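Next come the chains, spelled out residue by residue.
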Amino acid sequence: MNRRKFIIESSILASTALFSGTLLSFTHLDEACATEIFDVVIIGGSYSGLSAAMALGRSLRNVLIIDNGMPSNRKTPHSHNFITQDGETPGDITRVAKAQVLTYETVLFHQDTAINVLKTSNIFTVTTQSGKVFSAKKVLFATGLKDIMPAIPGFSDCWGISILHCPYCHGYEVKNQETGILGNGSLAFHYAQLVSNLTHKLHIFTNGQADFNTEQQQLIRQNKISVVTQKVLALEHHNGRLIKIHLEDHSSYPLTALYARPAFEQHSKIPMVLGCTKNEQGLLVVDSNQQTNIFGIYACGDTSAFRSVATAVATGSQAGAAINMALSTENFNLKE
Ligand SMILES: Cc1cc2nc3c(=O)[nH]c(=O)nc-3n(C[C@H](O)[C@H](O)[C@H](O)COP(=O)(O)OP(=O)(O)OC[C@H]3O[C@@H](n4cnc5c(N)ncnc54)[C@H](O)[C@@H]3O)c2cc1C
């Protein structure tokens, strides 16, 4: 089987189960694949990657999306605060987005894991776990973040269900409920300011000695938020729904929701191997065009500290437009 045929067939296999309606669109890709060099390979086919692919597909760019189906919000039952899709499941939002993007005949979707990207002069070579090799003029990382679960029994079971990273995404659903903040210092204080507007039944669990300055302590007191410094032993839950937080002194507090921001890392290490820089928060550094510090390598999605589907879609759209403009300019300027 030649490479072009493989690309088409593997994309069809990966996608037809979900999107029988897109089968027809792949047949139009014969011609696009004939060049053997994609305009863009997008690594990561969730919200930001699909959004970029839409801008690029509508600009007639030959695009290959490589995705292995592990978005960071996959455990959350319902996604909120993204207009037109409020309350939908994360999977349903992606399914609709994917179906719309794959109607553009120049966009291919390949289910696989990118394991290496090599830059040689102006061409990128992308290798996947299944041993496939693709070439592209530009590469876009839409690979998201991977949250690292702390070693507290019950934490990972509740993550995304009743342990929440963001009041805008999930706070309304647990308004006026018994709520905890697992954190310390400025992060916990920031959560306290935000969440106290949603519930007055609020406790901060610092999991060790509290680290608030005098002004923060005073404001926390004035807002009647208790600070609990005992070490956290375990989180009792039923199918991810919190029941109680258990502490080292054998005390416990009933809880419906707990806000926490666990450590995270880049879902893909490839950008760093290529020399892309991260900021002190661990996010990929991009310019106003979503381009990293390496020419031709772009990143979108959770490149912003405001982790949300809306931001992911916005930065993906911006990246798609910026890449299209770069390709257009390069091509335009070559014409005699
Ligand atoms: C628990 C939780 C709940 C959330 N709830 C909400 C909410 O209700 N509302 C809201 O607006 N936001 C919510 N968010 C934030 C939102 O999910 C993220 O901001 C958004 O998913 C970022 O989109 P993205 O496309 O950048 O990355 P992701 O959605 O994380 O997708 C990255 C994609 O890249 C793929 N990938 C990674 N590496 C590779 C590789 N090497 N090869 C191939 N594919 C790869 C992954 O499998 C994944 O499909 C939540 C986040 C979390 C963690």
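What counts and what doesn't
Residues numbered from 1 in each chain as written. Predicted model: local features only at pLDDT ≥ 70, side-chain atom pairs only at ≥ 80, totals over all residues. Buried ≥ 20, exposed ≤ 12 C-beta atoms within 10 Å, placed from the backbone. Helix = DSSP H or I, 4+ residues; strand = E, 2+ residues; numbered from the N terminus. Contact = placed C-beta atoms within 7 Å. Core = buried A, V, L, I, M, F, W, Y, C linked by C-beta atoms within 7 Å. Pairing = 2+ DSSP bridges. Axes fitted to C-alpha atoms, helices over the stretch in contact; angles between N-to-C directions.

A. Fine view of helix α4 (residues 47-57). With eleven of its eleven residues buried, α4 lies for the most part within the structure. Taken together, the buried positions of α4 are Y47, S48, G49, L50, S51, A52, A53, M54, A55, L56 and G57. Where α4 is buried, its residues meet β1 (37-43), β2 (63-67), α5 (90-101), β3 (107-111), β6 (133-141) and α11 (309-334).

B. Local environment of the nonpolar core. Among the nonpolar cores identified, the biggest contains 46 residues, and V41, I42, A53, V63, V139 and L140 are the most heavily contacted of them. Looking at which element gives the most residues to this core, the answer is α4, with seven residues. Those residues in contact with I42, other than ones at most four positions away along the chain, are G49, A52, A53, V63, I65, L140 and A142.

C. Structural context of the sheet that holds strand β14 (residues 252-254). With respect to topology, three strands assemble into an open sheet ordered β12-β13-β14, the strand pairing being antiparallel. The open sheet has two edge strands, β12 (232-238) and β14, and neither has a second partner. Geometrically, the sheet is characterised by an average inter-axis angle of 20° between neighbouring strands, direction not taken into account. Pairing of strand β13 (residues 241-247) with β14, which is carried by three bridges, proceeds in the antiparallel orientation.

D. Representation of unusual backbone geometry. For N176, which is not a glycine, the phi torsion comes out positive at approximately 60°. Structurally, N176 is set in the loop between α7 (167-170) and β9 (179-182). Note on N176: 10 C-beta atoms within 10 Å, which makes it exposed. If you check the backbone angles, H250 has positive phi at about 70° while not being a glycine. Secondary-structure assignment places H250 in the loop between β13 and β14.

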